[in-house]
Amino acid sequence: MSLPVDTVPDAGLSSALAAGEEQALARLQARLAAGAEQRDLLDVAYTVIDSPVGDLLLAATPAGLVRVGFGIEGHDAVLEQLAARISPRILAAPERLAAPVRQLKEYFAGTRQRFDLPLDFRLATGFRRTVVEHLSDIGYGATASYAALAALAGNPGAVRAAGTACARNPLPVVVPCHRVVRSDGKIGNYLGGSDAKRTLLQMEAAA
Amino acid sequence: MEVKPFEAIVREHGAVVLRVCRAVLGPDDAEDAWSETFLAALRAYPELQAGANVQAWLVTIAKRKAIDVHRSAARRPVLVPELPEPGSDGGRSTETPGPGDHDGLWAALRTLPQRQREALAYHHLAGLPFAEVAVLLGSTEAAVRRSAADGMKKLRTMDGEDLR
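Residues numbered from 1 in each chain as written. Chains lettered and ligands numbered in written order. Predicted model: local features only at pLDDT ≥ 70, side-chain atom pairs only at ≥ 80, totals over all residues. Heavy atoms only, no water.

Peer 1: Quick rundown of the overall build of chain A? Include the residues and the values.
Peer 2: Summing up its helical and strand segments, chain A has eight helices and six strands in all. Put simply, chain A runs from its N terminus to its C terminus through helices and strands in the order α-α-β-β-β-α-β-α-α-β-α-α-β-α. The C-alpha atoms of chain A give a radius of gyration of 22 Å, which is well past the 17 Å a tight globule of 207 residues would have. In terms of overall dimensions, chain A has C-alpha extents of about 85 × 35 × 30 Å along its principal axes. Within chain A, the proportion of its 207 residues that are buried is 51%. (Helix = DSSP H or I, 4+ residues; strand = E, 2+ residues; numbered from the N terminus. Rg over C-alpha atoms; globule rule 2.2 N^0.38 Å. Buried < 20%, exposed > 50% of the residue type's maximum accessible area, 1.4 Å probe, protein only.)

The following block contains the structure:
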């Protein structure tokens, strides 16, 4: 018996069994996400939406929205950070992100000025977390200096640390670090790039 | 150490695992086995050792789940598979072929002994070396090599068109 059995994997058999595979896999992935949610195995669910500041990755734990990632950060890199820092049990599962997606769309359409969402701040710790939690004190359309933010967070001397906290805000856009600008009038750094920051500030000023 | 998000594992290996499940169980039960496999894998994933062969790990889980699905299918009353009306698309899009378009292959696979289907699936589809297939099936390397060869030969005779 001299059969061509040493080709691995067998291309003919593979392609014959691959018929209709894409549709089946799409269906199965949705089923997996639902099953994982039901069994409390979905530590991080994510989805990607388009926006005026580029594609945004939205990730949530069962506690709430945990990360907003800009396209220029590299979404794969953001997911790998989440795998390392929270859990590798991560799936694309848009259902858990339904409320954040809706509110962000409203925000970008100019019909929402405040987000009302459960937020999971676990990626910001210590003073950085205190700073991030105070960012929402700066109202829609307003701006504040890094010094003012440091004061809001209860440590007026920690201007530099306040700047670092903004730069590493895990929940940009939703937690408005874009409203913090330099006291010399320059726009300051932003995780999503200074163009994105300018876009958000102009959008809010025009509303 | 770099840990891949599980989503990347699904994207990378989902198709091969589905083909293996289809070969072992047929197109209908395959989806249950696939789902159970990836749920079990998701549960165990954080404990998977760094550098492990992910595909071999998934195939091992799939093998276990195929047995479960096979057993529960055996307890169900036998259903005559529904055949699409001639001329209809059988409820599927006409652009993308479904497994039903390879009825010959399924029919041929169904006639193979379980052992031959398994040997074929784990070696020719999942790419496991015969030595590992033997461990998986509790058999010897020579025996699984023979099963795969016999199965492949029978498939080629019965369903040459699909396998060209």
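Peer 1: Any chance you could break down the nonpolar core for me, citing the residues and the numbers?
Peer 2: Generally speaking, soluble globular proteins have nonpolar side chains that are buried together. Formed by 105 residues in total, the largest nonpolar core has its most connected members in A:L58, A:F108, A:L135, B:F6, B:W34 and B:Y122. It is helix α1 (residues 6-25) of chain B that provides the largest number of residues to this core, a total of 12 residues. Taken together, domain 1 (11-108) and domain 2 (126-206) of chain A each give at least three residues to this core, which thus spans both. In this view, B:Y122 contacts B:V20, B:V24, B:V59, B:K63, B:G127, B:L128, B:V133, B:L136 and B:L137; residues no more than four positions away in its chain are not counted. (Core = buried A, V, L, I, M, F, W, Y, C linked by side-chain atoms within 4.5 Å. Domains from an automatic or database assignment. Contact = heavy atoms within 4.5 Å.)

Peer 1: I'd like a description of the pairing of strand β3 (residues 64-70) of chain A, backed by residues and values.
Peer 2: Residue and element names in this part refer to chain A. Counting buried positions along β3 yields seven of seven residues, so the element is predominantly enclosed. Pairing geometry for strand β2 (residues 56-61) and β3, over six bridges, is antiparallel. Its bridge partner lying in β3, L58 is registered against V68. What sits between the antiparallel neighbours β2 and β3 is a turn of two residues. (Pairing = 2+ DSSP bridges.)

Peer 1: Any details on the sheet that holds β3(A)? Residues and values, ideally.
Peer 2: All names here are of chain A. One open sheet accounts for four strands, arranged β3-β2-β1-β4; its pairing is mixed. This sheet does not close on itself; its edge strands, each paired only once, are β3 and β4 (90-92). Going across the sheet, the axis of each strand differs from the next one's by a mean of 25°, ignoring polarity. Sheet topology note: the strand β1 (residues 44-49)/β4 ladder contains three bridges and is parallel. Residue A45 lies in a different strand from β4, and its bridge partner there is L91. The sheet contacts of helix α4 (residues 98-108) involve β1, β2 and β3, and relative to β2 the element is tilted by about 145°. (Axes fitted to C-alpha atoms, helices over the stretch in contact; angles between N-to-C directions.)

Peer 1: How would you explain the packing of aromatic side chains if you had to name every residue and give the values?
Peer 2: Per the counting criterion, the structure on display carries eight aromatic pairs over all chains. A centroid spacing of 5.3 Å and a plane angle of 65° characterise the contact between A:F70 and A:Y190, whose relative ring orientation is edge-to-face. One end of the pair, A:F70, is in strand β3; the other, A:Y190, is in the loop between β6 (180-181) and α8 (194-206), with 120 residues separating them in the sequence. Across the pair, A:Y190 and A:F70 agree in class, each one buried. Their ring planes at 35° and their centres at 4.3 Å tell us that B:W34 and B:F38 sit as a pair that is tilted. Within this pair, B:W34 and its partner B:F38 are both found in helix α2 (residues 27-44), separated by four residues, close to a single helical turn. (Phe/Tyr/Trp six-rings, centres within 6.5 Å; stacked < 30°, edge-to-face > 60°.)

Peer 1: Tell me about the domain arrangement of chain A, residues and numbers included.
Peer 2: All names here are of chain A. Looking at the assigned domains, one finds that chain A contains domain 1 (11-108) and domain 2 (126-206). Between the C-alpha centres of domain 1 and domain 2 the distance comes to 28 Å. On the domain 2 side, the residues contacting the 12 residues of domain 1 number 17 residues. Of the roughly 1,200 Å² buried at the junction of domain 1 and domain 2 (both faces included), carbon and sulfur atoms supply 77%. Taken as a group, V53, F70 and Y107 account for 45% of the area that domain 1 buries against domain 2, more than any other trio of residues on that side. Where domain 1 meets domain 2, there are three residue pairs in polar contact (both at pLDDT 80 or more). Only β3 and α4 provide two or more residues apiece to the side of domain 1 that touches domain 2. For the side of domain 1 that touches domain 2, the leading source of residues is β3, giving five residues. When its residues are assigned to classes, the side of domain 1 that touches domain 2 shows 10 nonpolar, no polar and two charged. (Buried area = accessible area lost by both parts, 1.4 Å probe. Polar contact = N/O pair within 3.5 Å; in protein donor to acceptor, adjacent residues only side chain to side chain. Nonpolar A, V, L, I, M, F, W, Y, C, P; charged D, E, K, R; others polar.)

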